[in-house]
Structure formats: structure tokens, C-alpha cells
Amino acid sequence: MSWHLLGAGSLGSLWAARLSAAGHSVELILRNEQRLTDYLRAGGLQVRQGEQVQRHALPAGLASDPLPIRRLLLACKAYDATSAIARVATRLQPGSQVILLQNGLGSQQAVAELLPECQCICASSTEGAYRENDFQVVFAGQGHTWLGTSPTSPAPDWFGELASAGIPASWVDDIDARLWRKLALNCAINPLTVLHDCRNVGLRAHAAEVQMLCDELCRLLACCAPEAALGLHETVWQVIDATATNYSSMYQDVQQGRRTEIDYLLSHACRSAEQHGLTLPALNQLQQRLQHYLQQRGLPCR
Ligand code: NAP
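Parameters at a glance
- Residues numbered from 1 in each chain as written.
- Predicted model: local features only at pLDDT ≥ 70, side-chain atom pairs only at ≥ 80, totals over all residues.
- Heavy atoms only, no water.
- UniProt positions renumbered as here; feature names shortened; annotations may be inferred.
- Helix = DSSP H or I, 4+ residues; strand = E, 2+ residues; numbered from the N terminus.
- Near = heavy atom within 4 Å.
- Polar contact = N/O pair within 3.5 Å; in protein donor to acceptor, adjacent residues only side chain to side chain.
- Areas by Shrake-Rupley, 256 points an atom, 1.4 Å probe, with all protein chains shown as cover.
- Nonpolar A, V, L, I, M, F, W, Y, C, P; charged D, E, K, R; others polar.
- Axes fitted to C-alpha atoms, helices over the stretch in contact; angles between N-to-C directions.
- Left-handed = near helix turned anticlockwise from the far one by under 90°.
- Contact = heavy atoms within 4.5 Å.
- Pairing = 2+ DSSP bridges.

A word on the UniProt feature "domain: Ketopantoate reductase C-terminal" (unreviewed entry) in the protein. Residues annotated by UniProt as "domain: Ketopantoate reductase C-terminal" (unreviewed entry) correspond here to residues 174-292. Summarising residues 174-292: 66% helix, 0% strand, and an end-to-end C-alpha distance of 35 Å.

Around the ligand sit 27 residues in total, of which Ser10, Arg35, Ala129, Arg131 and Glu261 are the nearest. At 3.5 Å, a backbone N or O of Ala8 approaches an oxygen atom of the ligand. One nitrogen or oxygen atom from the main chain of Ala129 is found 2.8 Å from an oxygen atom belonging to the ligand. If the ligand stood free it would expose 900 Å²; the protein chains cover 86% of that surface. Contributing elements (two or more residues each) for the shell around the ligand: helix H1 (10-21), strand S2 (26-30), helix H3 (81-88) and strand S9 (128-133). Looking at the shell around the ligand, the element that brings in the most residues is S9, giving 3 residues. In terms of residue class, the shell around the ligand is built from 11 nonpolar, 7 polar and 9 charged.

In the contact formed by helix H6 (residues 175-195) and helix H8 (residues 232-242), the axes pass within 10 Å of each other and the chain directions differ by 65 degrees. Read as a crossing pair, H6 and H8 show a hand that is right-handed. From H6, Arg181, Ala184, Leu185, Ala188 and Ile189 reach across to H8, where they touch Leu232, Thr235, Val236, Val239 and Ile240. Of the residues in the contact of H6 with H8, the class split is 8 nonpolar, 1 polar and 1 charged.

Moving on to the sheet that holds strand S10 (residues 136-141). In spatial order, the strands read S4-S3-S10-S9; together these 4 strands make up an open sheet with mixed pairing. The sheet is open, and its two borders are formed by strand S4 (52-56) and S9, each paired with just one other strand. Direction aside, neighbouring strands of the sheet carry axes that sit 25 degrees apart on average. Relative to S4, strand S3 (residues 45-49) runs antiparallel, the two sharing 5 bridges.

The structure is reproduced here in C-alpha cells:
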């Protein structure tokens, strides 16, 4: 059975390249005729890891192609997920599987609602990749990917293909909690790095603000995914120290004038708090400050 990839960007290309190199059949679905022409002209995907550069001339087509899709890797940004999936919805069959690589929360649920007859599998990844150019990706950070469904289900029969392709992955029965944990870490770190214009380590100078956010995030997690609250404060500081000289992904998006995934991270947290009747002033104020900051720079605040 083929893997189809919708979202041949940073993370998606990493998956496609490794699966294909391991002998699995992978087909890219590109946005439109122009992107398909660009891709063919580029001669395929290029993945660079350190000094090593590999090219992968994978077959590619468009959403409008007629063949059914049994297994789809959706690797676009969270804000593109529903519009991208709508374009291939008629090609998905009852029982088709869709692996959702989006960060944050909210997009996975929106996609699942559009595809009631498919199995949606959520993923949370700590791998790092960025695009140097169109269809040229840099594998910047080794990591791990956790996959699972909500409610839980056994690992699919193809799961071993990931290990055979060198994609470090585990099938878990607590994917919601893992997504919440990652969302909370993101909320405690990324927006502040944007607002204070600093690398992650710069948050050491704003420790009280970070602590306050962690307090409120723990209260939110206690309602949404209690196991994800354990040791949150300590983990936030560990992440800050382990990535001290990095600029956060949100910081980089803002610097490069790219839309952020705020709506699926901080704003999702604020909306969830409201739904649970929680008053979380530091989190709400952070959201307002960040939205104002983005608006001033002409970037979407959703
Ligand atoms: P990215 O580099 O911006 O790639 C997204 C890709 O989706 C682009 O190639 C884009 O196509 C494509 N796309 C969007 N709408 C489409 C449509 N309708 N039809 C076809 N293609 C479409 O994004 P990314 O960094 O890989 O991130 C993807 C998700 O993974 C995000 O939620 C991110 O937070 C998460 N994540 C990323 C990393 C990482 O290191 N990059 C790590 C962990 C999690 P065009 O090229 O035509 O614009």
C-alpha cells in the first residue's frame, strides 16, 4: 500500500524521503500545477543532514488525481489542515488512515470531523527540520515521534514500516496527553521569546513570568489531561536550558514574516480554559499581547 503525502514541506519531506529510501512506495500530492512544475524542475526532494545531501525523485501528483488514497500523511501547518484535507476528501475511502503531524491541538479534531469514516492518527514529534528552498529540506534535529488515536486503538499493521525507514516512533495510548504537554511547553516558552525578542535562554531573565504561566497551565492541564501536568515547571526550565541558544519556532516564524500557529497553541489553551470555567489571567494577557504584537507586524493573529 502506498503512502501519500499532503504537505511536502519540512517535516513531511523528511518522512517521505526516509520511507522511500527504505523501499516503501510514496507519492506526493502538491498544491497546484505550478507547484508540480516547480517540483519536477527541482528534480525531486532534497534532504540535507550535515554534509550529506540526498535527492529523492518521488512521484508527485495533484489532489484532483482520481486514484483512491488508503494511507495519507498530512504534514501541512495546523491552519491549513482542514482546507488541505477537503481537497482530497473524495479520494479517501471508509477505513482510510490519515496521520496528522500538526503541532498544537484543534486542527486534528477539525479534520476528524470532516472524515468520520477514516481513522485519524495524531502524532507529536520532536524532530526538527526547515526548508532551505522549495523542496530542499534540512534535517536539523534528531527526535522522536509518538503516534496514537483517541480513543485508543492497537498499532496499525504498517507501524513497523516507520522503524524500517529509520523514523524513531512509538505507538502510545496517551496521545492526547502528549499533545497537551507539548502545547503547554510551547505556551510557556514560545510567546515570551517573541514578546521579549530573545533566545530561549533569555527567559531566565523573566523567570517570574514563566513560573506564573506554568502555574496557570497546570490548572488547565488538570482539567484537560491531568497526567500532562506532572512536573511541568521543571520540564519547562529543562527545555529552556537544553535549547538555550535556540530561537523558538514561533520567534523564527515572526522574524521571517510567516503566519504562526498561535490559534492551535496559546489561543487553543485560552479557549479551553474558558470552556472549563477557569480564569487564567496571565495566559489571557499573554494571548492579547501576542495578538497585538502580530497585528502590528501585519501578521494574522489567528
Ligand atoms: P512547512 O515546512 O511550512 O510545510 C507545510 C507544507 O504544506 C508546505 O509544503 C505547503 O505547500 C503544504 N501545503 C499547505 N497546504 C497545502 C495544500 N492545500 N495542498 C498541498 N500542500 C499544502 O511546515 P512544517 O514545518 O513541515 O510543519 C508542518 C507541521 O508539523 C506544523 O504543524 C508544525 O508545527 C509541525 N512540526 C514541524 C516540525 C519541524 O521541525 N518543521 C517539528 C515538529 C512539528 P507549499 O510548499 O506549496 O506552500
